[in-house]
Amino acid sequence: EPEVTQTPSHQVTQMGQEVILRCVPISNHLYFYWYRQILGQKVEFLVSFYNNEISEKSEIFDDQFSVERPDGSNFTLKIRSTKLEDSAMYFCASIRDDEKLFFGSGTQLSVL
Amino acid sequence: QKEVEQDPGPLSVPEGAIVSLNCTYSNSAFQYFMWYRQYSRKGPELLMYTYSSGNKEDGRFTAQVDKSSKYISLFIRDSQPSDSATYLCAMSAPGGQNFVFGPGTRLSVLP
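Residues numbered from 1 in each chain as written. Chains lettered and ligands numbered in written order. Predicted model: local features only at pLDDT ≥ 70, side-chain atom pairs only at ≥ 80, totals over all residues. Heavy atoms only, no water.

Participant: Would you take a moment to explain the overall build of chain A for this structure?
Facilitator: Along chain A, the regular secondary structure elements total zero helices and eleven strands. The helix and strand sequence of chain A, counted from the amino end, reads β-β-β-β-β-β-β-β-β-β-β. The C-alpha atoms of chain A give 13 Å as radius of gyration, which agrees with the globular expectation for 112 residues (13 Å, within 12%). Over its C-alpha atoms, taken along the principal directions, chain A stretches across nearly 40 × 25 × 25 Å. A burial count over chain A gives 45% of its 112 residues as buried. Of the contacts made within chain A by residues no fewer than 6 positions apart, 53% connect residues no fewer than 24 positions apart. Taken as a whole, chain A presents about 5700 Å² of accessible surface, with 45% of it coming from carbon and sulfur. (Helix = DSSP H or I, 4+ residues; strand = E, 2+ residues; numbered from the N terminus. Rg over C-alpha atoms; globule rule 2.2 N^0.38 Å. Buried < 20%, exposed > 50% of the residue type's maximum accessible area, 1.4 Å probe, protein only. Contact = heavy atoms within 4.5 Å. Areas by Shrake-Rupley, 256 points an atom, 1.4 Å probe, with all protein chains shown as cover.)

Participant: How should I be thinking about unusual backbone geometry in this particular structure?
Facilitator: Among all residues except glycine, the phi angle is most often negative; among peptide bonds, the trans geometry is most common. The omega torsion across Thr7(A) and Pro8(A) is -10 degrees, close enough to zero to call that bond cis. Structurally, Pro8(A) can be placed in the loop between strand E1 (5-7) and strand E2 (10-13). Residue Pro10(B) is bonded to the preceding Gly9(B) through a cis peptide linkage, with omega at 10 degrees. Relative to the assigned elements, Pro10(B) resides in the loop between strand E1 (4-6) and strand E2 (11-14). Positive phi values are uncommon outside glycine, yet Arg41(B) reaches one of about 60 degrees. Position of Arg41(B) among the secondary structure elements: in the loop between strand E4 (32-38) and strand E5 (45-51).

Participant: Mind showing me how you'd approach the pattern of salt bridges here?
Facilitator: If the charged atoms of two oppositely charged side chains come close together, the side chains can form a pair. Residue and element names in this part refer to chain B. A complete count under the given rule lists four salt bridges over all chains for this structure. Taking the shortest distance from any N to any O, the salt bridge between Glu45 and Arg37 comes out at 3.1 Å. Using a relative accessible area of 35% as the deciding quantity, one classes Glu45 as partly exposed. We classify Arg37 as buried; its relative accessible area is 12%. Of the charged contacts, one joins Arg60 and Asp83 as a salt bridge, the two residues approaching to 2.8 Å between their closest N and O atoms. (Salt bridge = Lys/Arg side-chain N within 4 Å of Asp/Glu carboxyl O.)

Participant: How do you make sense of the pairing of strand E9 (residues 85-92) of chain B when you look at a structure like this?
Facilitator: All names here are of chain B. Here E9 lies mainly inside the structure; eight of its eight residues are buried. As judged from the seven bridges shared by E4 and E9, these two strands associate in the antiparallel manner. In the strand pairing of E9, Tyr32 is matched with Ser92. Strand direction decides the pairing type here: E9 and strand E11 (residues 105-110), joined by three bridges, are antiparallel. (Pairing = 2+ DSSP bridges.)

Participant: Help me understand the sheet that holds E1(A), please; the structure alone is not making it clear to me.
Facilitator: Whether parallel or antiparallel, the strands of a sheet pair through hydrogen bonds between backbone atoms. Residues and elements named next belong to chain A. The strand order across the open sheet built from four strands is E1-E3-E8-E7, with neighbouring strands paired in antiparallel fashion. For this open sheet the edge positions go to E1 and strand E7 (65-68), each flanked by a neighbour on one side alone. Strand-to-strand twist of the sheet, defined as the mean angle between neighbouring strand axes without regard to direction, takes the value 20 degrees. Pairing analysis gives four bridges linking E7 to strand E8 (residues 75-79), with the strands arranged antiparallel. Each bridged residue has a counterpart across the sheet, and for Phe65 the counterpart in E8 is Ile79. (Axes fitted to C-alpha atoms, helices over the stretch in contact; angles between N-to-C directions.)

What follows is the structure in structure tokens.
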């Protein structure tokens, strides 16, 4: 069964460092998303991406964040200068056009 | 008022019980309603998907949507210890790109 894959599963970084989280959405999907979940809290929307551009973003998604689809399969989230409060589980998700949102297994980001 | 509200639990039930999980929402534009199951430190897994009002059944799971009351439910029949997880409701409006999630209800099914 096709699935959204994310790498790495865990990422540890120092405060102020740049990190790139990687995702391979399901191949025939058209819309791509990043969500985050701080431990014990709700799943929060960060950004949606369609047709090679950001279609919507939340207030969490500030200038330190960027997304890119560098080729036909990968979808990345970059955090330019990480802060302690960026520590969270980051989920990539994708849909085709039927509003069924499928998630990857997540990247646990720890900022020290 | 929060956009989507959900009792966080924890909810503990004996094996075999019927479980009822609920969400309320405020945005009348929502038309797509989903339930996800999330095991600890894993990604949410889509369980049920419904469009507009009505019921949908899949095995031991039944999803209900009452748009007039802005209330959705997930019923789990013959609950199993493997059903122990956090259950998230999510919803979106037509043409919208932002899926809004409830905070999740933590369920424990005791053997």
